[in-house]
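# Per-entry structural report
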Amino acid sequence: MAETSQDVRSIRRLEDLRFLTGRGRYVEDIAEPAALHGYVLRSPHAHALIRRLDVARAASMDGVHLVASADDLAADGLGMMPCLAAVTPLIVPPRPALASGRVRHVGDPVCFVVADSAEMARDAAEMIEVDYQPLPSVVRGRTALAGDAPVLWDEAPGNLAYHVRRGDHAAVAEAMKDAAHIVGVDVTNNRVIVVPLEPRAGIARYDAATDTMDLELTGQGLHGIRRQLAEFIFKVAPERIRLSAPDVGGGFGMKNFLYPEWILLLWAARRLRRPVRWLADRAEDFVTGAQGRDIEATARIALDATGRILALDVAMVANLGAYLSGNGPGASVVAASTAQGGVYDIPAIAVDVRGTFTNTVPVDAYRGAGKPEANYIVERAIEAAARALGRDPAALRRQNLIAAFPHRTAMGMAIDSGGFVANLDVAVAQAGVPNFEDRRADAKARGRLRGLGVACFLETSRGAPNEGAEVLFKPDGSVMIAVGTESNGQGHETSFAQIASRHLGLPIEAFRYVQADTRAVKSGAGHGGARSMHMGGAALVKAMDAALAKARQLAAHLLQATGSELDYEKGRFTVRGSDRSIDLAALAASAQDAANLPDGMAPGLGEHVMNITDVFTFPSGCHVAEVEIDPETGATDLVSYTAVDDYGRLINPMLTEGQVQGGLAQGIGQALLEHTVYDPESGQLLSGSLMDYALPRATDLPFFDVELIERPTQANPLGVKGSGQAGCIGAPQTVMAAILDALRPAGVERLEMPATPARVWEALQRAKPGH
């Protein structure tokens, strides 16, 4: 396609004006003069018994209003934090908002202190006396399954939360018998710490007159969090809790979940009859915010004599951390299963997944949530098969790509459309793959190792099923659009307004976008799973059609015509063949007075509609990376990156490319830099700050060559497929394939993410003769 910035659909984000002029409104910007400040005392141990807890000195300090422990929460009848993942059987140990009798990871919350200032609360927390009895800890998923591993929960013998088998194991076993080649590979999808620009924060309030609680938070998926708070924690009607989020500075999935701090804030505000606020610092978020990935996998791929893939057998161990986060097991079981096999026509797939408890921060959905892990496994397996068979990796991939649609995968996913072969062919040509050996020879002459990686990806985009939207025409000519998905940087204020503007024929300035408020938005499943345009956009179209149908009925009544006699264009209904007409603003004004309405019509000119669907869309693409490695230091330069992707019909190509670039940066960061390290003996997080945990910077990235090919889907009225996650689904395997291609001439056959300079250098040293 043409340059996205030159496409007429590529308008700049409407919200950027306020962001760039300092008018963004984040939780910490909200003035609440009467608010008290909360501070959480956290465990310094990865695993320990709490033998004694004495809060008397802290509670007696000036300016301190509350020092709470697990006993106080239990006395007020607060329930346990749920895990709602659709995984069975599943062991869910009890998780109170404050640790009770035992801590299970560094950062586990022990006490909540509320004082006149954050400094006072912190000082008081230092006066709390906790007598810990340290216990042995375990931090690696596979190690936790060993018979001699420390056990975290009596409810989970052997630290096993679940053991799930999916796919057709008998068919895979039969295919393995007939295979000419069986190639195995062990891969680790390394744990990542999620680092949005804005750490978690919240302000809670309580209204005694109505007995209602209010929480402004840096959150996503607010209706789901409210449901958990109401149903499982406070055991009240959902209407008695309001959640809202102002601007949110990034999330990548980790802000979708119920956290202990949201419970503590609301409980303290209700108990003290005062607003209470809390802001995490960066180090605190490192040991409390949900982390991502952390799956160890063994895969076997069976091929016939021609290279056709017959079967894929995958065994995974997912490290879930010390507790089950709200949807923690879902990524490794539910989401990963939808994408197993990727873009390849594999007749039989079998998956065995075990989830383990460890003394680490709980794991949950992180950008892609299971789909990156599944794609990484199959792509690394195919890469290994190509090397074992002496085949060109791109050619072996091409031979096995799904080429005819619709296609039902071995895991039961119905892919309606795609161009997987074309994606690969365009990417290979655009990246100059046929001339790569010349570039490799030039690098060799300079004393450097150059490598090429070609890999594909398949996203299964939907997230939670069903979504709602509301459209309301106003007498001043504006139109409110309220959607149950929520933006934390994606540009929804622009893209949803673009959809509405095109559909209704009104200027984009006419629309007022409402989100992330359980009082103002009737329903919503938030974002996640690249669902906002597919689910929320489709809901918006249906709501606009319903609102227009109501407007047409009212216009016909006021113009003394039938609905079929009216033409609609650019916000105005006109009686065909006459000069009688009325615009939406006038209709909205008339709709406020019941006397103007036809029988049976309720006042107000708007409609809320639920988009009831569980259909997936299937974004896909092929990526090509080239790297150069300095063998003396192990430093890797990513010199070029090409992405040819299909996200269906594009609403705003420039915003789509921005989403892709962000996802690529995160996927590349995981492949090259982001190394979450827990000490295996003490369980301490050694990469506990940005001094020790490396995020990708601009200097680590090349200029991306992104080609967006539009192949609309029939899964929704917009034809969109979802683009928010795909970049980090495709990047890790592409970069690692390039690195291993560069290292293979030096004798290196195995390397795990992140491919840091130290790891690359050590691999080169081990491969030297006589080592």
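Residues numbered from 1 in each chain as written. Predicted model: local features only at pLDDT ≥ 70, side-chain atom pairs only at ≥ 80, totals over all residues. Heavy atoms only, no water.

### Thoughts on the overall build of the protein
Helix and strand counts for the protein come out as 20 helices and 28 strands. The principal-axis extent of the C-alpha atoms belonging to the protein is close to 90 × 75 × 50 Å. Taking as baseline every contact in the protein between residues at least 6 positions apart, the subset at least 24 positions apart corresponds to 80%. For the protein, the exposed surface amounts to about 28,800 Å²; the carbon and sulfur share of it is 52%. Each charge sign in the protein was given a centre, from 75 positive and 92 negative side chains, and these centres are 2 Å apart. (Helix = DSSP H or I, 4+ residues; strand = E, 2+ residues; numbered from the N terminus. Contact = heavy atoms within 4.5 Å. Areas by Shrake-Rupley, 256 points an atom, 1.4 Å probe, with all protein chains shown as cover. Lys, Arg positive; Asp, Glu negative; His and termini not counted. Charge placed at Lys NZ, Arg CZ, Asp CG, Glu CD.)

### Notes on the pattern of salt bridges
When the charged atoms of two side chains with opposite charge come close together, those side chains can pair. Taken as a whole, this structure holds 54 salt bridges when the rule is applied. Across the salt bridge formed by arginine 271 and aspartate 76, the nearest N and O atoms sit 3.6 Å from each other. Here the residue arginine 271 occupies a position in helix H8 (residues 260–272), and aspartate 76 occupies one in the loop between helix H3 (70–75) and strand E4 (102–103), the gap between them amounting to 195 residues. With its nearest N and O atoms 3.1 Å apart, the salt bridge here joins glutamate 437 to arginine 440. Of this pair, glutamate 437 and arginine 440 both sit in helix H14 (residues 436–445), three residues apart, which is roughly one turn of that helix. One salt-bridge network, held together by shared partners, links Arg439, Asp442, Arg446, Arg448, Arg450, Glu626, Glu628 and Asp637. (Salt bridge = Lys/Arg side-chain N within 4 Å of Asp/Glu carboxyl O.)

### Quick word on the sheet that holds strand E12 (residues 276–279)
Overall, mixed pairing links the seven strands, which are arranged E3-E5-E1-E12-E9-E10-E11 in an open sheet. This sheet does not close on itself; its edge strands, each paired only once, are strand E3 (64–68) and strand E11 (241–244). Across the sheet, the mean angle separating the axes of adjacent strands is 20° when strand polarity is ignored. Contacts between helix H4 (residues 118–125) and the sheet are confined to strand E1 (36–42), E3 and strand E5 (109–115), with E1 contributing the most and set at about 30° to the helix. Docked against the sheet, H8 engages E1, E3, E5, strand E9 (201–207), strand E10 (212–217), E11 and E12, running at close to 30° with respect to E9. (Pairing = 2+ DSSP bridges. Axes fitted to C-alpha atoms, helices over the stretch in contact; angles between N-to-C directions.)

### Notes on the packing of aromatic side chains
Under the criterion given, the structure shown has nine aromatic pairs. Ring geometry for tyrosine 568 versus phenylalanine 573: centroids 5.0 Å apart, planes at 55°, classification tilted. Tyrosine 568 gets classed as partly exposed once you look at its relative accessible area, which sits at 21%. Taken together, Tyr259, Trp262 and Trp278 form an aromatic cluster joined through their ring pairs. Sitting above the plane of the tryptophan 153 ring, arginine 104 keeps its charged end 3.4 Å from the centroid. The cationic tip of arginine 200 hangs over the ring face of tyrosine 259; the distance from NZ or CZ to the ring centre is 4.1 Å. (Phe/Tyr/Trp six-rings, centres within 6.5 Å; stacked < 30°, edge-to-face > 60°. Buried < 20%, exposed > 50% of the residue type's maximum accessible area, 1.4 Å probe, protein only. Lys NZ or Arg CZ within 6 Å of the ring centre and 35° of its normal.)

### Observations regarding the nonpolar core
One finds Tyr162, Ile301, Met316, Tyr641, Ile668, Ile739 and Leu751 to be the most contacted residues of the largest nonpolar core, which totals 104 residues. In this structure, methionine 316 is in contact with Ile295, Glu296, Ala297, Ser332, Ala336, Gln340, Val351, Asp352, Val353, Arg354 and Ile377, ignoring residues within four places of it in sequence. By size, the runner-up hydrophobic cluster in this structure holds 60 residues, among which are Leu66, Phe112, Met213 and Leu265. (Core = buried A, V, L, I, M, F, W, Y, C linked by side-chain atoms within 4.5 Å.)

### Comments concerning the sheet that holds strand E25 (residues 605–611)
With mixed pairing, the four strands of this open sheet are ordered in space as E21-E20-E19-E25. What marks the edges here is a single partner per strand, and that holds for strand E21 (511–514) and E25. Within the sheet, the average angular offset between the axes of one strand and its neighbour, ignoring direction, is 15°. With seven bridges connecting them, strand E19 (residues 467–473) and E25 associate as antiparallel partners. Bridge pairing in E25 places valine 471 opposite glutamate 607. Helix-sheet contacts for helix H15 (residues 492–504) involve E19, strand E20 (479–483) and E21, and the interaxial angle to E21 is about 135°. Packed on one face of the sheet, helix H16 (residues 532–559) meets E19, E20 and E25 and runs near 145° to E25.

### What about the environment of aspartate 72?
Along the polypeptide, aspartate 72 turns up in helix H3. When its relative accessible area of 25% is taken as the criterion, aspartate 72 is described as partly exposed. The residues contacting aspartate 72, other than those within four sequence positions of it, are Val67 and Trp267. In terms of polar contacts, aspartate 72 uses its side chain to reach the backbone amide nitrogen of serine 69, at 2.8 Å. (Polar contact = N/O pair within 3.5 Å; in protein donor to acceptor, adjacent residues only side chain to side chain.)

### Some details on the side chain of asparagine 488
With respect to the helices and strands, asparagine 488 occurs in the loop between E20 and H15. Since its relative accessible area comes to 10%, asparagine 488 is described here as buried. Apart from the residues lying within four places of it in its own chain, the contact partners of asparagine 488 are Gln220, Val248, Gly249, Gly250, Gly251, Phe252 and His527.

### Considerations on helix H20 (residues 757–767)
For H20, the full list of buried residues reads Val760, Ala763, Leu764 and Gln765. Its buried side turned inward, H20 meets strand E18 (449–458), strand E26 (620–629), strand E27 (636–646) and helix H19 (726–743).

### Thoughts on the environment of valine 471
Here valine 471 is to be found in strand E19. On the basis of relative accessible area, valine 471 is assigned to the buried category, the value being 0%. As a C-alpha pair, valine 471 and glycine 330 span 141 residues in sequence and 33 Å in three-dimensional space. If near-sequence neighbours (up to four positions away) are discounted, valine 471 is found in contact with Val479, Met480, Ile481, Leu540, Ala543, Met544, Ala547, Leu605, Gly606 and Glu607.

### Describing the environment of alanine 31
Assignment of secondary structure puts alanine 31 in the loop between helix H1 (16–20) and E1. The exposed category is assigned to alanine 31, whose relative accessible area is 64%. Sequence-wise, alanine 31 and isoleucine 203 are 172 residues apart; in three dimensions their C-alpha atoms are separated by 10.0 Å.

### Topic: the packing of helix H12 (residues 393–400) against helix H13 (residues 420–430)
Closest axis-to-axis distance for the H12/H13 pair is 9 Å, and the angle between their directions is 160°. Between H12 and H13, the crossing angle belongs to the class labelled roughly antiparallel. By crossing handedness, the relation of H12 to H13 is classed as left-handed. In this structure, H12 contributes Ala394, Arg397 and Arg398 to the contact, and H13 contributes Val421, Leu424, Asp425 and Val428. Its residues placed into classes, the contact of H12 with H13 shows four nonpolar, no polar and three charged. (Parallel < 35°, antiparallel > 145°, perpendicular 65-115°, else oblique. Left-handed = near helix turned anticlockwise from the far one by under 90°. Nonpolar A, V, L, I, M, F, W, Y, C, P; charged D, E, K, R; others polar.)

### Observations concerning the side chain of arginine 531
Tracing the chain through its elements places arginine 531 in the loop between E21 and H16. For arginine 531, the side chain forms a polar contact with the main-chain oxygen of alanine 464, separated by 3.0 Å. Apart from residues lying up to four places away in sequence, arginine 531 is in contact with Ser461, Arg462, Gly463, Ala464, Pro465, Asn466, Glu467, Thr485, Ala525, Gly526 and Gly536.

Structural measurements only, silent on function.
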